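Structural overview for review
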Amino acid sequence: MSGAHAARPGADLVRLAASSMRNRRAIVAGVILAQILAMAASLAQPTFNALIIDNGVVAGDVPYIERMGAIMLAVAIGGLVASLAAIALGAALSAGTSADLRRSVYRHVADFSTATYHELGTPTLLTRTSLDTSVVGQAVFLTTSVAVAAPLVTVGAIAMSLRESVRLAPVIVVTAIVLSIGIGIFVVYVTPLATRVQGAVDRVNRVLREQLGGTRIIRAFRRERAASTRFSEVNRDLTALVRRVAALQLMLLPGVLLIANLASVATSLFGARLIEDSHLTIGGLTAFTGYLMQIVAGITVFIALAGMLPRARASATRLSAVINRPAGLDDDGTAVVEGPLPLTFRSATVRYEGADHPAVDAVSLKCLPGTVTAVIGGTSSGKSSLLALVPRLLDPASGTVEAGGVRLGAWHLPDLRAAVAHVGQGQSLVAGTVESNLRLGDAEADDDRLWRALEAAQMATTVVDRGGLSTEVAQGGSNFSGGQRQRLAVARALVRRPRILCLDSAFSAMDRSTAESVLSGIRATLPEATILLADQQVDNVRSADLIGVLDAGRIVATGRHEDLLTRCAVYREFAQAQAAPAPAPAPGGPTVATGVSR
Ligand SMILES: Nc1ncnc2c1ncn2[C@@H]1O[C@H](COP(=O)(O)OP(=O)(O)OP(=O)(O)O)[C@@H](O)[C@H]1O
């Protein structure tokens, strides 16, 4: 967050609420009008009451009481209708505000570069999109539904009560001062606590996500107790904070009632003397007490807001931090490039914030259409970072990447992403069917194209056996094996018919012959495409037309398989380590993987 935000607490909330209200001017006007009508009705009641007592009860005029009673009832019903309308319109405004904010956060996050996305992280983005947006929506509801009316009621009630008796004004002044001091202390104390509640929710989300996603690992490593302890810790923190905030909020109401009752007693004491001295009528005292209660109610509404606003301010600041965050990608390119796309890296460098060394260090590489270019490297050598440059999930810190002779930053971004398919290490299948997953590649593709893609990815037989294109896919593809998920992801990319295909360790869960068949299928399906493949396995890159050897972010050699075997020591070591037979397991001990392979 910028210092500007810290220096002006509440500025984010005002900005977000105002922008939502601008989009719903008619509803806002409706809420205010309904509030004014409801307020006028409630302000009239004590005066009617006083008239009934003084002119009806004291004078024994029953027809007057009936007439005024009927008017009072009609005004009360009108006030009730206006209040209900204000609440209904306020609720629509609140829901609309939350929906606007969710849409806005969603759109911004969708535009984030991978680095920007990782800086924030999934758990907090989920909390911000769900919890924070509804907190701000509720604050807008409270603000428009009650905070607009509350000052009007309070000021109106003060004026009306003074009309009944100026001599009782000190009671009002003292009551207002005591209540205001109480609210002030509450706001100052609760604001930091409320901000911490959201952070605690983030932490619970983070731990819960990790543990739900890693259930198998937790069980396999017998870490259930440690996982449960970790969850209990964050859950306990959140519970303690919520309890403190709730306790403070609950203490407020009895406090307000106590002050209201004391003020009422004071009014009766002083009022009785004024009646004795004929400075006040009985009806006047009743009306004054009624107005006093309206003043307390008006101030109490601020208490409700005071309880909500610190949280809403914290939420608005967290939302603004997402909405105002630069996406990390310039998106103003306009170039549209036709035909096959040679891909050229010119001294491209990727540097992550806080890292000592660049993840990709001045890589230069040319990948031609109709060929497969492979990059081989050990774990953390920078393969994923290099391939992420192509669909502009990342931008290079220095150097350039060009497709079709045009710098990627100059491309119209949607066009670039339509031309490139990227199959990552996590296969990102979504809940639905095989068909719905494949159609993410191209919604218009006919069934014939889907089946050809499945055949090329060596997945057609499996899909037929499992029930065809309508076969269900669980979230994350968890009802398929790792290798099947990878092949479905490759098929989805083929459905798109990309001009550039990036395969980032996309064969890591396949055996050698399946991976070879899948790569042949890809070549046959996309004869003109530029294919860039990153892998740790020599077997998966040996048939490539050009291989670049990546070591600690640098390309240390390029060539074909046989060529590199003779002149590149790093490549030779890869080949030898992966060709070596695994050592016999120690008696009773676990099997240990060797070399640089998985
Ligand atoms: N979002 C990130 N923030 C900070 N550092 C990162 C990020 N992503 C990757 N790195 C670092 O950059 C380096 C290269 O990572 P990268 O994922 O590109 O390597 P890789 O060769 O694909 O590794 P692997 O084969 O293990 O997936 C690593 O040191 C890694 O820790």
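For every chain, the first residue of the written sequence is number 1, and numbering continues from 1 along that sequence. Residues qualify for local features only when their pLDDT is at least 70, as the model is predicted, and side-chain atom pairs are given and counted only at 80 or more; totals for whole chains, interfaces and linings, by contrast, use all residues. Side-chain metrics in this entry use all non-hydrogen atoms of the structure; hydrogen atoms and water are not considered.

**Here's the deal with the UniProt feature "transmembrane region" (unreviewed entry) in the protein chain**
For the record, the criterion: UniProt positions are given in the numbering used here, feature names are shortened, and annotations may be inferred rather than shown by experiment. Numbering of helices and strands runs from the N terminus, with a helix taken as a DSSP run of H or I at least four residues long and a strand as a DSSP run of E at least two residues long.
When the UniProt feature table is mapped to this numbering, "transmembrane region" (unreviewed entry) covers residues 68–93, 139–162, 168–190, 250–271 and 291–309. Here residues 68–93 is 100% helix and 0% strand, with 37 Å between the C-alpha atoms at its ends.

**Thoughts on the side chain of T462**
Definition in use: Three labels apply to residues, based on accessible area from a 1.4 Å probe with only protein chains included: buried if under 20% of the type maximum, exposed if over 50%, partly exposed otherwise in between. The contact rule is simple, with two residues in contact once any of their heavy atoms fall within 4.5 Å.
Among the secondary structure elements, T462 is positioned in helix α16 (residues 460–466). You can call T462 buried: its relative accessible area is 17%. When sequence neighbours within four positions are dropped, the list of residues in contact with T462 reads Q484 and R487.

**Points about the environment of R25**
Structurally, the position occupied by R25 is in helix α3 (residues 25–57). Residue class for R25 comes out exposed when judged on its relative accessible area of 59%. Considered as a pair, R25 and R230 are 205 residues apart in the sequence and their alpha carbons are 48 Å apart.

**Describing the domain arrangement of the protein chain**
Cut-off, in case you're wondering: Delimitation of the domains relies on an automatic or database domain assignment.
Its domain assignment divides the protein chain into domain 1 (3–323) and domain 2 (343–579). One C-alpha centre belongs to domain 1, the other to domain 2; they are set 54 Å apart.

**A few points about the nonpolar core**
We apply this condition: To form a nonpolar core, buried Ala, Val, Leu, Ile, Met, Phe, Trp, Tyr and Cys residues must be joined to one another through side-chain atoms within 4.5 Å.
With 51 residues, the main nonpolar core has L454, L501, L503, F507 and I522 as its most contacted residues. Examining the composition of this core, we find that seven residues originate from one element, helix α17 (residues 482–495), more than from any other. I522 has contacts with V490, L494, L501, L503, F507 and I531, leaving out every residue within four places of it along the chain. Counting residues in hydrophobic clusters, the runner-up holds 32 residues, among them F345, L394, I500 and C502.

**Quick word on a negative patch on the surface**
Condition: Patches in this entry comprise residues that are over 30% relatively accessible and not in a salt bridge; like charges within 9 Å are linked, as are nonpolar side chains (Val, Leu, Ile, Met, Phe, Trp, Tyr) within 5 Å. To measure how exposed things are, a 1.4 Å probe is used in the Shrake-Rupley method; for residues, cover is taken only from the protein chains shown. One speaks of a salt bridge when a side-chain nitrogen belonging to Lys or Arg is within 4 Å of a carboxyl oxygen belonging to Asp or Glu. For the purpose of counting charges, residues Lys and Arg are taken to be positive, whereas Asp and Glu are taken to be negative. His and the chain ends are not included. For the purpose of locating charges, the reference atoms are NZ of Lys, CZ of Arg, CG of Asp and CD of Glu.
A cluster of acidic residues, D111, D330, D331 and D332, forms a negative patch at the surface. Position of D332 among the secondary structure elements: in the loop between α11 (282–323) and β1 (343–350). Taking relative accessible area as the criterion, D332 reaches 61% and is therefore assigned exposed.

**Side note on the site of the ligand**
This is how it is decided: Near, as used in this document, describes a residue that has one of its heavy atoms within 4 Å of the molecule or strand being considered. Under the rule applied, a polar contact is a pair of N or O atoms within 3.5 Å (in protein, one hydrogen donor and one hydrogen acceptor; residues adjacent in sequence only if both atoms are side-chain atoms). Each residue receives one of three labels: charged for Asp, Glu, Lys and Arg, nonpolar for Ala, Val, Leu, Ile, Met, Phe, Trp, Tyr, Cys and Pro, and polar for the others, Gly being one of them.
The full set close to the ligand counts 13 residues, and T379, K383, S384, S385 and Q425 are the nearest of them. Between a nitrogen atom of the ligand and a side-chain N or O atom of Y352, the distance comes to 3.5 Å. Taking Q536, its side chain carries an N or O atom lying 3.2 Å from an oxygen atom of the ligand. Surface burial for the ligand is 64%, taken as the share of its 630 Å² of free accessible area covered by protein chains. Counting residues per element, the shell around the ligand draws most heavily on helix α12 (residues 383–388), at three residues. Per-class residue counts for the shell around the ligand are two nonpolar, ten polar and one charged.

**A closer look at the packing of α3 against helix α4 (residues 62–111)**
Pairs of packed helices are described in terms of their axes, by the angle between the two and the distance that separates them. For the record, the criterion: For helices, the fitted line uses only the C-alpha atoms of the stretch in contact; every axis is such a line through C-alpha atoms, and the angle between N-to-C directions lies from 0 to 180 degrees. Angle categories: roughly parallel below 35 degrees, roughly antiparallel above 145, roughly perpendicular from 65 to 115, and oblique for all the rest. Note on convention: the crossing is left-handed when the near helix lies turned anticlockwise from the far helix by less than a right angle, right-handed when the turn is clockwise.
Axis separation between α3 and α4 bottoms out at 8 Å; the angle between their running directions is 160°. When the axes of α3 and α4 are compared, the pair comes out roughly antiparallel. In terms of crossing hand, the pair formed by α3 and α4 is left-handed. Class assignment of the residues belonging to the contact of α3 with α4 gives a composition of 25 nonpolar, ten polar and no charged.

**Looking at unusual backbone geometry**
Residue Q458 is not a glycine yet carries a positive backbone phi of 60°. By the secondary structure assignment, Q458 is in the loop between α15 (447–456) and α16. If you check the backbone angles, S505 has positive phi at about 50° while not being a glycine. Tracing the backbone shows S505 in the loop between β9 (500–504) and α18 (512–525).

**Concerning the side chain of T97**
Looking at where T97 falls in the secondary structure, it is placed in helix α4. In this structure the side chain of T97 is engaged in a polar contact, spanning 2.7 Å, whose partner is the side chain of S20. Apart from the residues within four sequence positions on either side, T97 is in contact with S20, R24, V136, G137 and V140.

**A short note on the state of the cysteines**
Which entries qualify depends on this criterion: Our working definition of a disulfide is a cysteine sulfur pair at a distance within 2.5 Å.
Counted by the stated rule, this structure contains zero disulfides. Residue C367 stays outside any disulfide, its sulfur separated by 8.4 Å from that of C502, the closest cysteine. Exposure remark for C367: the relative accessible area of 0% places this residue in the buried category. Left without a disulfide partner, C568 is nearest to the cysteine sulfur of C367, which lies 17 Å away. Taking the relative accessible area as the measure of exposure, C568 reaches 5% and is therefore buried.

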